[in-house]
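# Notes for the structure review
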Amino acid sequence: MKITFLGHAALLVEDINFKALIDPYLTGNPLYKKNRYDIEGVTHIFITHGHRDHVGDALDIAKANDALIISNAELASAFHQHDKELKLHPMHIGGSFTFPFGRVKMTPAVHGSSYQDEHGSHDGGNPGGFLITINGKTLYHAGDTGLIMDMQLLADEHVDVAFLPIGGNYTMDIKDAVKAVTFIKPKQVVPMHYNTFPLIKADPEEFRSKVKDATVVILQPRDSIKI
Ligand code: NI
Ligand code: MN
């Protein structure tokens, strides 16, 4: 599995016959300096929650690529109202499903999830995160969340790489993200959701210096990691 950081909480995840985006906030993302149309052949789009900086360009990219959107059930229903032709796979917290490419499990997050479109504001259900396992390798994208005890349950999931928010204000800050690493016990951890806006300013090197039991990989936008 090759994972490319696109800035903020946006990832491109590639494997054989699988090209997925997670939280594709590309247009308007100050850290993503390329055109979203650079990414072609997208097969799947994962959405952790309804906020604008996570849904981003998902619906347009899904439409252009005939990609399957995987999200919680309430967001899937709001997306369906928006465009009846979108391909949607609703899931929910704690649920897992084996797709042709691998296994996906939705994990809890403590945050909001309202979704706005031209019809107004929609109930975006509960925010979440995703565990994605392909060929025995597991990626965890925490979504936007505060520190929660439920993260201790992820230690059994043998996470190869965890993407955790560290920016504070809306999510965990560095101190709490360091504690999250002790709960999740991933092999590697990549900080995300920081330095996009002034309110979420954080120093990833400080995070690196405080994490003891996992390798911290700091990715610049467009950098990749392989697991
Ligand atoms: Ni959010
Ligand atoms: Mn966010």
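Before any of the text, the structure's been laid out above.
Residues numbered from 1 in each chain as written. Chains lettered and ligands numbered in written order. Predicted model: local features only at pLDDT ≥ 70, side-chain atom pairs only at ≥ 80, totals over all residues. Heavy atoms only, no water.

### Concerning the coordination of the manganese ion (ligand 2)
Note the cut-off: Coordinating donors are taken to be N, O and S atoms lying within 2.8 Å of the metal, or within 3.2 Å when the metal is Na, K or Ca; because water is excluded from the atom set, some sites may appear incomplete. Where helices and strands are cited, they refer to DSSP runs of H or I of at least four residues and of E of at least two residues respectively, numbered from the N terminus. Each residue is assigned to one of three classes by its accessible area relative to the maximum for its type, calculated with a 1.4 Å probe on protein chains only: buried under 20%, partly exposed between the two thresholds, exposed over 50%.
Coordination sphere of the manganese ion (ligand 2), protein contribution only: Asp53 (OD), His54 (NE2), Asp144 (OD) and His193 (NE2), at 2.1 to 2.3 Å. Along the chain, the residues donating to the manganese ion (ligand 2) fall in the pattern D-H-x89-D-x48-H. Here the manganese ion (ligand 2) and the nickel ion (ligand 1) are spaced 3.2 Å apart, linked through aspartate 144, which binds each one. In this pair, histidine 54 sits in helix H1 (residues 52-55) while histidine 193 sits in the loop between strand E14 (188-192) and helix H5 (204-210), placing the two residues 139 residues apart along the sequence. The residues histidine 54 and histidine 193 share a single accessibility class, namely buried.

### Re the sheet that holds strand E12 (residues 137-141)
To keep things clear, this is the line we draw: At least two DSSP bridges between two strands are required for those strands to pair.
Pairing is mixed in the open sheet, where 7 strands are placed in the order E7-E8-E11-E12-E13-E14-E15. Two strands bound the open sheet, and with one partner strand each, they are strand E7 (96-99) and strand E15 (215-216). With 4 bridges joining them, E7 and strand E8 (residues 102-108) adopt antiparallel strand pairing. Residue threonine 98 lies in a different strand from E8, and its bridge partner there is arginine 103.

### A short note on the environment of proline 191
Put simply, the test is: Residue contacts follow a heavy-atom distance rule, with two residues in contact if any of their heavy atoms lie within 4.5 Å.
Along the chain, proline 191 turns up in strand E14. Along the primary structure proline 191 and aspartate 203 are separated by 12 residues, whereas in three dimensions their C-alpha atoms are 9.7 Å apart. Once you skip the residues sitting within four places of it in the chain, proline 191 turns out to touch Leu164, Ile166, Pro204, Phe207, Val216, Val217 and Ile218.

### With respect to the pairing of strand E13 (residues 161-165)
Convention followed: If you view a crossover with the strands going away from you and the path from the first strand over the helix to the second runs clockwise, you call it right-handed.
When you tally the buried positions in E13, you get 5 out of 5 residues, the bulk of the element. Here E13 shows a buried face lined by Val161, Phe163 and Pro165 and a second buried face lined by Ala162 and Leu164. Examined bridge by bridge, E12 and E13 share 3 bridges and lie parallel to one another. Opposite histidine 141, over in E13, you have phenylalanine 163 as the bridge partner. Direction of pairing for E13 relative to E14: parallel, over a ladder of 5 bridges. Considered in E14, the bridge of alanine 162 is made with valine 189. Once you follow E13 into helix H4 (residues 174-184) and on to E14, the crossover reads as right-handed.

### Points about the coordination of the nickel ion (ligand 1)
Each protein donor to the nickel ion (ligand 1) is listed here as His49 (NE2), His51 (ND1), His111 (NE2) and Asp144 (OD); together their distances run 2.2 to 2.3 Å. All donors to the nickel ion (ligand 1) come from one chain, and their sequence spacing reads H-x1-H-x59-H-x32-D. Judged by its relative accessible area of 22%, histidine 51 is partly exposed.

### Looking at the packing of aromatic side chains
Keep this limit in mind: Working definition: rings of Phe, Tyr and Trp (its six-membered ring) pair if their centres are within 6.5 Å, and the pair is stacked with planes under 30 degrees apart, edge-to-face with planes over 60 apart, and tilted otherwise.
Under the criterion given, the structure shown has 6 aromatic pairs. Geometrically, the ring pair formed by phenylalanine 46 and phenylalanine 130 is edge-to-face, given 5.2 Å between the ring centres and 70° between the ring planes. Of this pair, phenylalanine 46 sits in strand E4 (residues 44-46) while phenylalanine 130 sits in strand E11 (residues 128-134); the two residues are 84 residues apart in sequence, bridging distant segments of the chain. For the residue pair phenylalanine 46 and phenylalanine 130, the accessibility class agrees, reading buried in each case.

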